[in-house]
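# Descriptive structure summary
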Amino acid sequence: MHLPDSDPIWDSLAASAAHLSSIDSHDLLQDARRNDALRHALAGCHFDFSRQRVDQHVLTQLIQLAESLGLPTKRDAMFAGEKINKSEHREVLHTALRQGAPAVSKTISAEVAQTKQRLYQSVEAIRSGAWRGYTGKPIKDVIHIGIGGSHLGPELLVNALAHLPTAGDAPGIHFVANVDAADINRALSGLNPETTLFIVVSKSFSTLETQVNANTARSWFLERTGDKDAIGQHFLGVTTNRQAASEFGFAEENLFPLWDWVGGRFSLWSAVGLPIMLQIGCAVFDHLLEGARVADEHFAQTPMHQNIPVLAALLATWNTAHLGCNSLAVLSYDQRLALLPDYLQQLEMESNGKSVDVDGNPIDYRTMQVLWGGCGTNGQHAYHQLLHQGTSKFAADFILVGQDATERNEHHQWLLANGIAQGQAMTLGHEPANLDEQHKGVPGNHPSTTVILDSLGPTQIGCLLAIYEHKVFCQGVLWNINSFDQWGVELGKQLALPIYAQLGGHSASSQDPATRHLIDHCLKLNRAK
Ligand code: F6P
């Protein structure tokens, strides 16, 4: 948190952390009023923060901290469309994509509505079979090409919502993100170009991986059809860079805009979500948007002490700054949410993995910890050992789904039982029965949050993801960093250019000894082939 050491709130939080270090989570949980203050429901999602390591006094202090750092004012500035992304001089208005920013300009609302109408027309045509390929056949397969924010949200939700009845009318949807040819080869294998549609998503339309994959897809298509004019019926594009996209060959009517005010990792609600719309249909996509809108309204209007993303951010920041947690494990107890940790990795780590403040000054406090995770119960037979008995300090988010969607109740009951029990073990731990059994001791007292979705429906997941988005914003405010840029990823992109040339034997520019050695080794391997 960015308070100077001398600030009285900082001192009192540090004193509280010292005081709490001698109190067991078991004892914290005996305070029913505290527990109530840490449990909140919204749009079919139950958020339970009661296994976090705070008492009512710390909660009050944290709320004071949020107020003193101007969180409510900064939140209002975001919703009002102020240019809070200072390093890129941009507004942050992904909320406008789901009507969650009612004060936004009429031009923006009109553009969003018009684009949505065009998208929905295309989606209905593809799903109904009215959209025909160049030989007159309906579309059976869709390949989505994009990476990072142009990929992770769509793949997460296409998988998460595949059980919905409306997904039965969807074409097969395949994702290609990696520049590794194995990715696109796998996706293309066995597909018929006559019935395959490509969606190329790139906000900048200059991302290397997406460029290379889109070119390969186009070559694959042209080699089989020999007809450049057929591209129009088989390629859709989503980008802010209309000019570069037009040069690629998309038909004008198949290009969908994005706007500078939508960050890539906040963009699944826009045309980037085309595969989701194709998977679940437009009416159900509207429920997804509605779930997110409800979260926006909650964030904008609810008092700080009952505001779910505010509490989530304050607790997460408390865990990092005062309890020394250096990782956040996201544990999905639902196979359909297996990709949630990947999605949240980009959302939280690309947003808040920063070491300068909003004005560019170096900072000397911890910002975003490493977020990782996986699917329960599998993880219990792999890395949970370290969580229970290792020496690392961590926090965990458990994500459970209450209702069974599988009609195999025994499985679901075990899944829930394990999800709840793992959090219990991390909270309460286990005291060995005697000194000979120290190896069985589990310290416990690890902070965790449990979210239980009533069912895995579009409204619930829309709400959950929007809550995480707002949590990210709040943490950015608490750390005084810009959560909406990502300059750190640029260096690697630059450095890859000369190395690529050298691997192709086209450049002799010098490199440091380690890099030179690796390039020479790869060159030797390829010469030896
Ligand atoms: O390199 C990081 C990044 O810029 C992400 O922020 C973004 O989501 C991803 O690459 C893809 O970018 P684009 O949509 O412009 O292809």
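As shown above, the structure is provided for reference.
All of the points below concern the structure found in this document. Computed from a predicted structure; not experimentally measured.

### As for the overall build of the protein chain
Within the protein chain, the regular secondary structure consists of 20 helices and 11 strands. For the protein chain, the C-alpha radius of gyration of 25 Å lies close to 24 Å, the compact-globule estimate for 529 residues. Taken along the three principal axes of its C-alpha coordinates, the protein chain extends 75 × 55 × 50 Å. Here the protein chain holds 529 residues, and 53% of them are scored as buried. For the protein chain, the proportion of contacts with a sequence separation of at least 24, taken over those separated by at least 6, is 74%. By element, 53% of the accessible surface of the protein chain is carried by carbon and sulfur atoms, the whole surface being about 23200 Å². In the protein chain, 38 side chains carry a positive charge and 54 a negative one; their mean positions are 5 Å apart.

### Some remarks on unusual backbone geometry
With an omega of 10°, the peptide bond between Gly376 and Thr377 qualifies as cis. Positionally, Thr377 belongs in the loop between strand 9 (370–375) and helix 16 (384–389).

### Description of the side chain of Asn352
Mapped onto the elements, Asn352 comes out in helix 15 (residues 340–352). A polar side-chain atom of Asn352 sits 3.1 Å from the main-chain carbonyl oxygen of Val472. Reaching out from Asn352, the side chain makes a polar contact with the side chain of Ser483 at a distance of 2.7 Å. If we ignore the near neighbours within four places in the chain, the residues touching Asn352 are Thr367, Met368, Val472, Gln475, Gly476, Trp479, Ile481 and Ser483.

### Here's the deal with the sheet that holds strand 8 (residues 327–333)
Pairing is mixed across the open sheet formed by six strands, whose spatial order is 1-2-11-10-8-9. Two strands bound the open sheet, and with one partner strand each, they are strand 1 (39–42) and strand 9. Neighbour to neighbour, the strand axes of the sheet diverge by 15° on average, direction disregarded. Across four bridges, strand 2 (residues 45–48) lies against strand 11 (residues 448–453) in antiparallel orientation. Bridge pairing links His46 to Ile452 in strand 11. In this fold helix 17 (residues 409–428) packs onto strand 8, strand 10 (395–401) and strand 11, with an angle of close to 160° to the strand it touches most, strand 10.

### A closer look at the site of the ligand
Inspection of the region around the ligand gives 13 residues, with Ser150, Ser202, Lys203, Ser204 and Thr207 positioned closest. At 2.6 Å from an oxygen atom of the ligand is found a side-chain nitrogen or oxygen belonging to Ser202. Against a free-state accessible area of 390 Å², the protein chains account for coverage of 87% of the ligand. Structurally, the ligand is housed in the largest pocket. By residue class, the composition of the shell around the ligand is two nonpolar, eight polar and three charged.

### With respect to the environment of His470
Tracing the backbone shows His470 in helix 18 (residues 458–479). Separated by 10 residues in the primary sequence, His470 and Asn480 have C-alpha atoms spaced 15 Å apart. His470 has contacts with Met78, Phe79, Thr95, Arg98, Ala295, Asp296, Phe299 and Pro309, leaving out every residue within four places of it along the chain.

### Thoughts on empty space enclosed by the protein
Inspection of the entire model under this criterion finds three cavities of 30 Å³ or more. The volume enclosed by the largest cavity comes to roughly 180 Å³. Lining the largest cavity are 16 residues; nearest its centre among them are Phe49, Ala312, Asp397, Thr449 and Lys471. Looking at the lining of the largest cavity residue by residue, the class counts come to 10 nonpolar, four polar and two charged. Within this model, the second largest cavity holds a volume of roughly 100 Å³. Along its surface, the second largest cavity is lined by 14 residues, and Val112, Lys116, Leu119, Trp269 and Ser270 are the ones closest to its centre. Among the secondary structure elements, those contributing two or more residues to the lining of the second largest cavity are helix 6 (106–128) and helix 13 (282–301). Take the lining of the second largest cavity: its biggest share by element is five residues, from helix 6.

Reading the values: rules and limits
Residues numbered from 1 in each chain as written. Predicted model: local features only at pLDDT ≥ 70, side-chain atom pairs only at ≥ 80, totals over all residues. Heavy atoms only, no water. Helix = DSSP H or I, 4+ residues; strand = E, 2+ residues; numbered from the N terminus. Rg over C-alpha atoms; globule rule 2.2 N^0.38 Å. Buried < 20%, exposed > 50% of the residue type's maximum accessible area, 1.4 Å probe, protein only. Contact = heavy atoms within 4.5 Å. Areas by Shrake-Rupley, 256 points an atom, 1.4 Å probe, with all protein chains shown as cover. Lys, Arg positive; Asp, Glu negative; His and termini not counted. Charge placed at Lys NZ, Arg CZ, Asp CG, Glu CD. Polar contact = N/O pair within 3.5 Å; in protein donor to acceptor, adjacent residues only side chain to side chain. Pairing = 2+ DSSP bridges. Axes fitted to C-alpha atoms, helices over the stretch in contact; angles between N-to-C directions. Near = heavy atom within 4 Å. 1 Å grid on protein atoms, 1.4 Å probe; cavity = no way out; pocket = protein on both sides within 12 Å on 5 of 7 lines; lining within 4 Å. Sits in = over half its atoms within 2 Å of the grid points. Nonpolar A, V, L, I, M, F, W, Y, C, P; charged D, E, K, R; others polar. Points joined across faces, edges and corners; volume = space filled by probe spheres on them.

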